Amino acid sequence: MACLYGASIFVNMSEGFHFKRFYVRHERCAMKVGTDGVLLGALAAGPSSPHPVLDTEPSPNVLDIGTGSALCSLMMAQRFPQSLIIGIDVDNDACRQAEENVSQSPFKDRITIKHTSLQDFRNESRQFDSIICNPPFFEESLQCPDIQRNTARHTTSLPYSTLISRCKELLSPDGTLTIIIPTLAVNRIEEECALYSLFIVRRLHIKTTENKRPKRTLLYIRHHPAPIVTSTHTLTEGGERSEWYAEITKDFYL
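This is a predicted model, so every value here is computed, not measured. (Residues numbered from 1 in each chain as written. Predicted model: local features only at pLDDT ≥ 70, side-chain atom pairs only at ≥ 80, totals over all residues. Heavy atoms only, no water.)

Some points on unusual backbone geometry
Rules: Where helices and strands are cited, they refer to DSSP runs of H or I of at least four residues and of E of at least two residues respectively, numbered from the N terminus. Each residue is placed in one exposure class: buried if its accessible area under a 1.4 Å probe, protein chains only, is under 20% of its type's maximum, exposed if it is over 50%, and partly exposed if it falls in between.
The phi dihedral of Ala 70 falls on the positive side, at around 80°, and the residue is not glycine. Notably, Ser 197 is not glycine yet its phi reads approximately 55°, a positive angle. Looking at the secondary structure, you find Ser 197 in the loop between α6 (186–195) and β8 (199–207). Looking at Ser 197, the relative accessible area reads 41%, which means it is partly exposed.

Observations regarding the pairing of strand β4 (residues 84–89)
Filter applied, for reference: In this scheme, strands are said to pair when DSSP sees at least two bridges between them. A crossover gets the label right-handed when its path from the first strand over the helix to the second runs clockwise, viewed with the strands pointing away from the viewer.
Among the 6 residues in β4, 5 count as buried, and that is most of the element. Where strand β3 (residues 61–65) lies against β4, 5 bridges are found, and the strand directions are parallel. Each residue of the ladder has a partner; that of Asp 64, found in β4, is Gly 87. The handedness of the β3 to β4 crossover, carried by helix α2 (residues 71–79), is right-handed. Here β4 pairs with strand β5 (residues 111–115) via 5 bridges, running parallel. Each residue of the ladder has a partner; that of Asp 89, found in β5, is His 115.

Observations regarding the state of the cysteines
For clarity, the cut-off: Two cysteine sulfurs form what is called a disulfide whenever their separation falls within 2.5 Å.
Tallying each qualifying case throughout the model produces 0 disulfides. Residue Cys 29 stays outside any disulfide, its sulfur separated by 9.0 Å from that of Cys 95, the closest cysteine. In this structure Cys 133 is not part of a disulfide, and its nearest cysteine sulfur, from Cys 167, lies 6.7 Å away. Cys 133 sits in the buried class, given a relative accessible area of 1%.

Structural notes on the nonpolar core
We count it as follows: Here, nonpolar core refers to any group of buried Ala, Val, Leu, Ile, Met, Phe, Trp, Tyr and Cys residues whose side-chain atoms link them within 4.5 Å.
In terms of nonpolar packing, the biggest core is built from 41 residues, with Phe 19, Phe 22, Leu 39, Leu 43, Leu 218 and Trp 244 touching the most fellow members. Contributions of two or more residues to this core are made by α1 (35–43), α2, α3 (92–103), β5, β8, β9 (216–222) and α7 (243–249). Examining the composition of this core, we find that 6 residues originate from one element, α2, more than from any other. One finds Phe 121, Ile 164, Leu 171 and Ile 189 within the second-largest nonpolar core, a separate group that totals 27 residues.

Some details on the pattern of salt bridges
We apply this condition: Salt bridge criterion: a side-chain nitrogen from Lys or Arg within 4 Å of a carboxyl oxygen from Asp or Glu.
Applying the stated criterion across every chain, the model contains 12 salt bridges. The residue Arg 28 makes a salt bridge to Glu 100 at a minimum N-O spacing of 3.0 Å. Pair noted here: Arg 28 is in the loop between β2 (23–25) and α1 and Glu 100 is in helix α3, with a separation of 72 residues, a long-range link. With a relative accessible area of 33%, Glu 100 lands in the partly exposed category. Two residues, Lys 207 and Glu 210, come together in a salt bridge whose shortest N-O distance is 3.2 Å. Residue class for Glu 210 comes out exposed when judged on its relative accessible area of 56%. Each of the salt bridges in this network shares a partner with another, and the network as a whole consists of Glu 15, Arg 25 and Glu 27.

Section: the packing of aromatic side chains
What counts is decided by this rule: Working definition: rings of Phe, Tyr and Trp (its six-membered ring) pair if their centres are within 6.5 Å, and the pair is stacked with planes under 30 degrees apart, edge-to-face with planes over 60 apart, and tilted otherwise.
All told, the structure shown has 5 aromatic pairs when counted by the stated rule. Centroid distance Phe 19 to Tyr 253: 6.1 Å. Interplanar angle 20°. Geometry classified as stacked. With Phe 19 in the loop between β1 (16–18) and β2 and Tyr 253 in the segment after α7, the pair connects residues that are 234 residues apart, well separated along the chain. Judged by its relative accessible area of 4%, Phe 19 is buried. Members of the aromatic cluster, each reached through a chain of ring pairs, are Phe 19, Phe 22, Phe 107, Tyr 245 and Tyr 253.

Focus on the side chain of Ser 69
Our working rule: Two residues qualify as a contact provided that any one of their heavy atoms is within 4.5 Å of a heavy atom in the partner residue.
Positionally, Ser 69 belongs in the loop between β3 and α2. Taking relative accessible area as the criterion, Ser 69 reaches 6% and is therefore assigned buried. Not counting chain neighbours up to four residues away, the residues in contact with Ser 69 comprise Val 24, Arg 25, His 26, Cys 29, Val 33, Ala 98 and Asn 101.

As structure tokens, then:
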């Protein structure tokens, strides 16, 4: 979604958004800056906390799958000052835009952008303490003529089975994979995790308003089982940011 709930101040929404410590242009990206990305960047786990909300532990190695404009990479760099982050994307235009956004940020020395698919990505040096992903979310739907947008939106480019199997290989023994997906797809991810011996340790359901059903869910996935913590949060109250949403985004929104 292109609109941010309680949006930060911006110069031109079609071009990009100003956050407190960085600016994100997105006009060359198929998927624009939106609430899902902000939620992922604000809530993704660091390596020491399987059930984070506002985690301040350092995350030495972070992989951002489908980085797009590099929004989540920039947010993770801000949250975890000691982290080294790799953002990957299959779309060349998105990678070039991500590189531009990173180069103009205060975190440029800690973020590397690579033009590659997850299927082809190799990291020989070590595994990742934190992996984050806002994956393509349409499994069965009519595709539009825009190839770039289809790649970003449809799981034909990154099936859930591939996402989970590759993350099992890339995730360090004590690391956490955090993804944000449609709530209706949670059962599919749970099935894939069971196949690859990964374990969901937290489900965080997101509602736009109190009287709506959750549409998005953040899942926290690890190598080792733990009691599953489930919670539900609301983005807006009375047309304004909810107290919860305002708290988790206070370091980012102007």
